[in-house]
Each structure stands twice: as structure tokens, then as C-alpha cells.
Amino acid sequence: MTLAQLHYTSAPPGPDGSGFRFTAVSAGVPQGLLREVEQLIGYEPPRDFPARPDAEQLKGFPKAFSFSELGDGGRLLSRSVYTGADYSGRWGNFHTHAFHLPPGTRLPDGVLPITAWESPRWADVTPPDGRPGPVDRIEPSGLLRTDSLVAFARSRAEWLAPFFADLRALTAHSDAGQIVLVEQDSADVAQWIALACSVLPREQAHRLTFTTYTRRPQQARQQIVGALPSSEPVAHDHRYRVHDCTGQPPAEPVADTWADLCARIWCAGRPELFLDADAGLGRLAVTALTAGIALRTDARTAAARWSADHAPALPDTTVTAVVEGLCAGGVAAVRRKVAVADVRGEAAVADGHREPAVRGPEPSGSHRRASQWGPPSHPAAVPHPGSAAAADATAPTGGAAAVPAAGAAPVDDELTALTALLARIDGQVPTAVSAPLAAQVLASAVLGRGPVPALGAGSFTARARADLARELAPAVRAGIADVREPADGRPLALLHVADLLDIDCHDLLPDLAGRLARALVEERPRAAGSPCPPALLDAVHGHPSLRIALFAALDALAAADPATVARMLSGSGLPVGLEPNSPHLRMCVAARGTDRTGGTGDRLAHFHDVLRAAGLSPLADTAVLRTALDLVWAGELPTGQEASLLLNQLGSDTHRAAGTRDLLIEAALAAPADDPGVPVLAADLLRCFSTELRPGQRAALLLLEFAGLLGTEGEGERWVDRVLALRDSAGEAVPDPVTERAFGAVARRLLGRTVPEDELYALARSGEPALLAAYERAGRSDRVGDRLRTVPPYVAARFSDWSAFAGTTPDWDATRTTLLTRVLRPIVRALPAEDLAEIEAMLGRAGRGKVDAFRAWNRPGALGRLAGRLSGRGRRGEPAAAWHGDVEPAAGRRGDVEPPTGRHGDVEPPTRRHGDVERPTGRHGDVERPTGWHGDVEPPSGRYGDVEPPAGGGHR
């Protein structure tokens, strides 16, 4: 192919005019193209160069060697040189020689445009005849030889990685800013461009536009723009990424893995490794690694990932070389790397830099010297240019060519990549080949405090295992003893490493077992019912010493808090059957998941099952008795029957030795009043622990025992006096359930069909509010009500009782009056005539006065007066007595209050009566029908219920 040429300079007048014009143009070049080209080939000499240079000085002027894109998609390769004075003697002339490449074409032989730098094909003057000679190829000058480029790259080592990072951004994004290279010589800019083309994929290198010199960088249209220090600055302009190689080297680190890798390859003098630049970052990193080039951690990670992904297709020699490269330096190198990470801290780890650059500080991104060229800029991380790299960057496996972003932890990433590679080749290659990698992975995990891989003895040679044991023993032991780590996590993994490398850690097992036991029974982070971590189960099965220590620690925790241990170990899968010397732990496992809501028989049966699970008798070790009780009755007390059976089946001596005596006593004293087995339990406790009970406990148990005797042949006499005497002899407060049970039993007995008169009198005389309240509750019970409705003799007996001993104590009067009013009267009024006749007959046998009193009491409206006469209340000057009834007093008392309307009681409204005391405004009692008859009067102020007549007994 013959290349179209153009020559441009200041020429004498001719057919096309004078001054700067095209002096020679190949045939076929469109005129419209010439106008566009004219805008690209201008030349301005540097300001600080001689204004009138001589021939020797002209040679030192920069050369503007450019490769530019044209509007029609074609390219223009041009060379502009300063020639001094023109034909008229005016200074400032230049000559441009250019080649036009139509769209879709390249230079002959596919050479890169930068190789034409200072080619012998370039002319400094226009052909004499004005006709360019035919050119079918452009021979390189040889000035850009590999050795000279390597020397140049090493001289610019500090700027290499930042430049390559900006180059990657430039080729990846169409809107990325231009790169401005500031050098003292345009030839150095040409070498930069040659370096750039060497690292790019071939297609991108052919499209890269550049110019080696311009005095006005902001007007240049090329991607890479060369400038001198005297050129116009582009400070504070985000469109440009400036690299001033004439000032101080950059001090900021570079995060771009690919850029740093390219810099290392050039500094190592191995540019031939870029021949396969299209393969992507991972392949390039592997190539550099196998060539013996020291790589940064992130590049080593990329190499390991790529090797893991392609391991089956790699030849053994390549795998061996990769492993050797990744493991160069052995454990010592890992130790240095971890030390660097510790010193730099988390910020350095997040930036992804742990190793120094080839020379000086690690570069990163674009850099601008703190001068007229402006502050540094920071390009965003983008995929490596080229289709192969782009595919890698989006690969599901993470992509060997993926560039780590800021915030990544390269050491951890490297360990992950090395582990993946080891998994792919372990067992597929000889152990001698994979053993260094296994050692590297294990050392990185142990020293770097990362996840510990599960390796087997077959992953190491005998020598490698011995060397690792010597190097890692302190770190392994420290990791097992590290209390900051969850015991069932890293310490267990390190224990496996200790076994693998035969590192003695027996002295650390008791402490580790204690931490493991606490972790198993704590609510956090493990939830109840969840299985044990697989690593822990493996350690329990495979490490007898740890298992013995762990089960001993768990057994101690089970003895202290069996309910919690049983709940947390439910579903854990812990093989407690492997260790028989853990009775409390075995009981906890046997009790897990048991429903303790069943009856007495169910719980007692389960109690004996749990005891049998301990594997020893409570007579031999009484502590298991308390554990079994805590497991079966967790958070609650046995019933009276259960506690009595536990006492009689196991004996008092066993409970005394186990410390469960007080639990049985508490079961009796705190039992609800409706527990029928408590009196029997109280009798058993008094019999078995007669000399060990406190006075208060003894008195309470005697009360419970006596409550069970009432209504039987053993009840004896003086019930009220005995129960009050026992209560008062306690010397301390008797538990409320005990008092409630005893008083309730006495009250129920006093409401029997036949009651000795002296027992009822003792109740009236005692004036004990709690006992009288129990009597009233019993009298109002459904049991008493049902008997009153169906047994007329029982009605006669209760009327006799509740109308007796009037005036003995105010509380008794209040109680009996309430029972007459609220309980007996409504029932009697509803009884048939034959029942009333039977009742009167029964009362008549007791005396004429009883019958008359009953008839008067049962007449409508007569209840209040009769109650007053029977009680002696209402005499002038007598204070109102406190009582327990149904209605609420004026303040501080509550009873059962009759609704204010819609009901008729014993009391007539105050407006319908004369002489009776009127109730205060705003109070409600049991009111009589408003018309047709008069009832009893309202009680004095402060009382509600059955009212008392005024002084003198009242009148009708």
C-alpha cells in the first residue's frame, strides 16, 4: 500500500499563495481533509528556547510527533520540526511531514505508529519538485529499542504505576481525561508512549492517539499529550491527568493492581511478557510470577485465582512454577507480610498495599507535582482494557483480572485464593509440589489470624510438617489460649492444626474446655436447641483429652444450673454417652425436651428416669438428687403429694445430705390452699425433721397438720383457740398460704351441721379479722349455699349460729349480720312453705324464743330491727363497730354493694320513713321498695349494709 503524504511549511508565493501552506500533497487527498489537517499540525517553539537559534541549537528543539484521529475515521501520522527562519527571513517557521491513513487501514506491516519515531522516511523539507515520492512502508529508526526502553522505565520507576493506572482509565472510558506528560525532551515522551503501547492490547495500541510536544496542552486533541516544563500549565483542570516527570516523584500509593504489575514487569526488564497482553490481569500475573518477578499481594492473589480457575488445563511445569512463585520466602515472608499489616493498621489493609513498590513509595492513580501543573487526581477503578480482561472482571468466580477496590483486605484475599488453588491441585500433583503451597496457606492463616483451612496429613511432607511445627508452635498455642476469640471457632481450628503438626497443647485444654462449655450453655451467640458446631463435634469425637475436660466442665455447670444446661443442650447432638463420669450432664441430656406439665405420676416417673440416667444412686452422690429435682420441677415446687412421696421414697437422711430438705419444707409452706396433700406432707416433715425445724417452720407445719385433722376423729376440741395459739407461737410471720389454709379449715368445720356452742363462742369472742373473714367466705361459698337450699335443718342450724352471741365483738356482729342478710335471707325467702315449716319445727325444739325470732326476722322489713335487737347495736351513745360485710364503708372498706336502683333490700329509702336515721348523701345500701311498706333504717355514718335503728331501738 502506498501512503498518501502531505508537506506543510511557510513557502514563497506560488499557485496556492504564500506563507504557511501545503507545499506537497499526494494525489487523491480531498481538499476538505487538508483544512482539518491544518488544525492538527501547527507548531509553536518553547518560550524558553533561543529566539534565533543556530543550526546546532535547532537540533535541540522538541519534535512534535503526533498520531491523530480525523473526522472521517481516518488517522494522521505526522512529524513537525522547527526550522527557524522562513524564505523571507522571518523566524518561527516549521515543517510538517504527514502520512494519511484512510479509515480502517493501518501502517504497512501492522507496525505501531510510535515505532515510526525518527524513521528515515521523515523529511525536514518539501520535495524539490513538489511531488511526494511513493512510500509503501515506514522503517523504524531503532531508537526505541528494548534495552533503551527498559533503562528509561527504570529511570522513571516512581511514575510508571501512576501512568499505567491513568492509561487504563483512559482506554476504558471515552470521557476520561487526557494524559499530560511533562518531560525535558520530546524523545522521552515518545518513550512513554512506547511503554504505553507495549502494555495495551494490540488493537488499543493501534488506536492510541498522542503527540510528543505541544506548547498549549489544553488545545491538543490527542489522548496522550507531551509538554515541556515551560508549556502552558493545565492546573486545576479535571480533564487532564498530569504526570510531571521533571519534579518530585509521586508519594501516594497506587491501588491499581494491573498498573503496578506492568510497572514491575518493565522494571524487571521483561517486556516480552506483554506479548500476550490481551489475556488479562490473571494470566499476566501468572506470567510475571513464573518469570521470577516479585509481585504485590493483590497481583499474587490474581495469579492464584487465575491458576485455580485454569488448574486442570495447566501443564505441570507451570503449576510447579506458580507454586514456587507464590511460596517464595516461605513462612518468613508470611511473617514479614503480617508484621507490615500490623504496623500499617486497618487503613493500610483497606487500601490494599502491604509491600513496597519497585522503587520508592508505591504509586497510585494519576499524580501531579505540587507545582504549576496542579494537585493530584485519582482515577476510579475500572476493568483492565481488553476483552479478555473484561470477561475476567465479570467472571462468577471473582475474576482473576478483577482489580481490588479500596477497602479490600489483600492478605485475606490472597489467603482465600491460595486456599482455592490448593483445593484444586491437592492430590492432583505430587505432594512435593503442593506441600509448599499448603504450608503457605496454613502459615498465612495462623500468623495472619485468618480462617484456618482444614488440611490433612497428606498435604505435607514429613520435612514440611516438622518445619511448620517449629515455626508456628508459638502462634498456634497463643491462638488456642486467646480469650478474645469464640472458643468454638478459631481456637478449635488451631487445635486441629496442633494435632496435625504434633504441637503439644495439653496444658491449654482445661481452659479451652471451660470456655467451650460456657459457650455451649450461654444464650448468646448460640440459641437454645441449635446443634453444636461441626468443628466442636469433630473435636469431641477425635480428641479424647478435650472431650474429658469439656464434659467435666459441662458437668460442673449442669450441677450449678441444670435447667439452663438442659435447655441449651437440647438438640445439640453432644455425645454425652462417650463419657460416663458426667452424671449431672447425663441427667440434663435425659431431661431435655420433656413436658413437665403432666400429673404427679408423670413427674415422679420422669424424676426416677432422670435419676437412672445419672448412672449412680443418690445415696452414693446426693448431689444428683438436687439436680434431678431442679430438672423435673424447674421453676416450680412439687405438690404436697409429690413432696411427700419424694421424702418417703428417698428418706430424710438423703434429703438432708443433698440439701433438699428446705425445698420440701417450702413445698408445704408455699402450697396453695386447695392442695390436698399438704397436711400429710406437713405431718411427714414434723416426723422426719423434728429437731431441725425453726420455731416458725414448726408452728406453720403444725397449723397445716391441724388443718388436715379438722373434720376427722383426730380433730379434738378448742379448734379456734388451738389454731390461734399455734399461729401466735411462731415467733415470726406465718406464710399467708398456711394461715389461709388453717383458717379456712376451721371456718369450714364451724359451718358443719353440728357445731359445739363453745367453738362458735370462741370464734365470736376472738374477734380475729382474718379468721372471721375466712368464716364469712366459707359461709358465702356455693357449698354452703347448696346445703341451705336443700337441707332445712341446716338452715335452722345456721340461723341459730348467726343470731347467737350478739354484741360479743363488733367484728363478729358484722360478720353474722352479713351472713344473715346476704346469704341466709335470700335463700329462706325462696324456700317453699313446707321447708319453712320444717325449719320452724327444728327451731321450736330449741325453744320458743328461737321460733319467734326466726318469724320476726323472716317478715318483710323486719330484718334490720331484729338484727339490731340480736346484736345489741343501736343503743344511744354506742360507737359503730367495724365489721366485714358485703357493702363498702364510707372509707377504707369494701364489700358487696347492692345496686342503687332496680333492687329491694332491707333498708327503706330515707324519704319514706319517720324517725329512722337518714343515710348520708351519695351513699348506697340495700334499699327497700319505695312504696307499700317500711323497712329497717340506715346504719350510722361509715357503714353500708343492714342498718341499725336510732337510739332507743327505733319505732315503726
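Residues numbered from 1 in each chain as written. Predicted model: local features only at pLDDT ≥ 70, side-chain atom pairs only at ≥ 80, totals over all residues. Heavy atoms only, no water.

Engineer: Please provide a residue-by-residue account of the overall build of the chain, values included.
Structural biologist: Along its length, the chain carries 38 helices and nine strands. Burial statistics for the chain: of 956 residues in total, 53% are counted as buried. The contacts in the chain between residues at least 6 apart in sequence include a share of 69% that link residues at least 24 apart. (Helix = DSSP H or I, 4+ residues; strand = E, 2+ residues; numbered from the N terminus. Buried < 20%, exposed > 50% of the residue type's maximum accessible area, 1.4 Å probe, protein only. Contact = heavy atoms within 4.5 Å.)

Engineer: Talk me through the layout of surface pockets; I want residue IDs and the actual numbers.
Structural biologist: Quantified by volume, the largest pocket comes out at close to 540 Å³. Lining the largest pocket are 25 residues, with Leu112, Ala194, Cys197, Ser198 and Arg202 positioned closest to its centre. Elements supplying a minimum of two residues to the lining of the largest pocket: helix H3 (146-155) and helix H5 (186-199). The greatest single-element share of the lining of the largest pocket, amounting to three residues, is contributed by H5. Looking at the lining of the largest pocket residue by residue, the class counts come to 16 nonpolar, five polar and four charged. (1 Å grid on protein atoms, 1.4 Å probe; cavity = no way out; pocket = protein on both sides within 12 Å on 5 of 7 lines; lining within 4 Å. Points joined across faces, edges and corners; volume = space filled by probe spheres on them. Nonpolar A, V, L, I, M, F, W, Y, C, P; charged D, E, K, R; others polar.)

Engineer: Which residues make up the pattern of salt bridges, and what values do they have?
Structural biologist: Using the criterion set out here, one finds 50 salt bridges in the structure. The salt bridge involving Arg727 is made with Asp728; its shortest N-O contact spans 3.1 Å. Judged by its relative accessible area of 54%, Asp728 falls in the exposed class. Here Glu840 makes a salt bridge to Arg855, at a shortest N to O gap of 3.1 Å. Taken together, the residues Glu840 in helix H36 (residues 833-846) and Arg855 in helix H37 (residues 848-858) connect sequence positions 15 residues apart. Classification of Arg855 by relative accessible area gives partly exposed; the value is 36%. Each of Glu44, Arg47, Arg215, Arg216 and Glu232 takes part in salt bridges that share partners, so that together they form one network. (Salt bridge = Lys/Arg side-chain N within 4 Å of Asp/Glu carboxyl O.)

Engineer: How would you summarise the packing of aromatic side chains if you had to cite specific residues and measurements?
Structural biologist: Remark: the centre distance and the inter-plane angle together describe each pair of aromatic rings, the angle taken between the planes. The final tally for this structure, using the stated rule, is 25 aromatic pairs. Aromatic side chains Phe61 and Tyr82 sit 4.8 Å apart centroid to centroid with 20 degrees between the ring planes, which places their arrangement in the stacked category. Remark: Tyr82 occurs in strand S4 (residues 75-85) and Phe61 occurs in the loop between helix H2 (55-58) and strand S3 (64-69); sequence separation between them is 21 residues. Assigned by exposure class, Phe61 and Tyr82 land together as buried. (Phe/Tyr/Trp six-rings, centres within 6.5 Å; stacked < 30°, edge-to-face > 60°.)

Engineer: Before we move on, can you summarise the environment of Asp852 with the specific residues and values?
Structural biologist: When you line up the elements, Asp852 lands in helix H37. The exposure class assigned to Asp852 is partly exposed, which follows from its relative accessible area of 34%. Placed twelve residues apart in sequence, Asp852 and Glu840 show a C-alpha to C-alpha distance of 8.9 Å.

Engineer: Tell me about the sheet that holds strand S8 (residues 224-227), residues and numbers included.
Structural biologist: If you walk across this open sheet you meet the nine strands as S2-S1-S5-S4-S3-S7-S8-S6-S9, and the pairing is mixed. Bordering the open sheet on either side are strand S2 (17-25) and strand S9 (240-244), each of which pairs with just one other strand. Across four bridges, the pairing between strand S6 (residues 178-182) and S8 is parallel. The residue of S8 that forms the bridge with Val182 is Ala227. Against the sheet, helix H1 (residues 31-38) touches strand S1 (4-14), S2, S3, S4 and strand S5 (91-101), its axis set at about 120 degrees to S2. Docked against the sheet, H5 engages S6, strand S7 (210-211) and S8, running at close to 160 degrees with respect to S8. (Pairing = 2+ DSSP bridges. Axes fitted to C-alpha atoms, helices over the stretch in contact; angles between N-to-C directions.)

Engineer: Before we move on, can you summarise the nonpolar core with the specific residues and values?
Structural biologist: The biggest cluster of nonpolar side chains holds 161 residues, and the ones touching the most others in it are Phe164 and Ile224. Among the elements that line this core, the one with the most residues is helix H14 (residues 431-447), at ten residues. When near neighbours in sequence (up to four residues on either side) are disregarded, Phe164 contacts Leu195, Ala196, Val199, Trp258, Ala259, Cys262, Ala263 and Trp266. Counting residues in each nonpolar core, the second largest holds 71 residues, with Trp719, Leu824, Ile827 and Ala853 among its members. (Core = buried A, V, L, I, M, F, W, Y, C linked by side-chain atoms within 4.5 Å.)

Engineer: Tell me what's going on with the side chain of Asp244, and back it up with residues and numbers.
Structural biologist: You can see Asp244 is positioned in strand S9. A distance of 2.5 Å separates polar atoms of two side chains, one belonging to Asp244 and the other to Thr246. (Polar contact = N/O pair within 3.5 Å; in protein donor to acceptor, adjacent residues only side chain to side chain.)

Engineer: Describe the pairing of S3, listing the residues and the values that go with them.
Structural biologist: In terms of residue burial, S3 counts as a mostly covered element, since five of its six residues are buried. Direction of pairing for S3 relative to S4: antiparallel, over a ladder of six bridges. Across the sheet, the residue bridging to Ser68 is Leu76, located in S4. Hairpin connection, S3 to S4: the antiparallel pair is bridged by five residues, and Gly73 has positive phi, about 95 degrees. With two bridges connecting them, S3 and S7 associate as antiparallel partners. Across the sheet, Phe67 pairs through a bridge with Phe210, a residue of S7.

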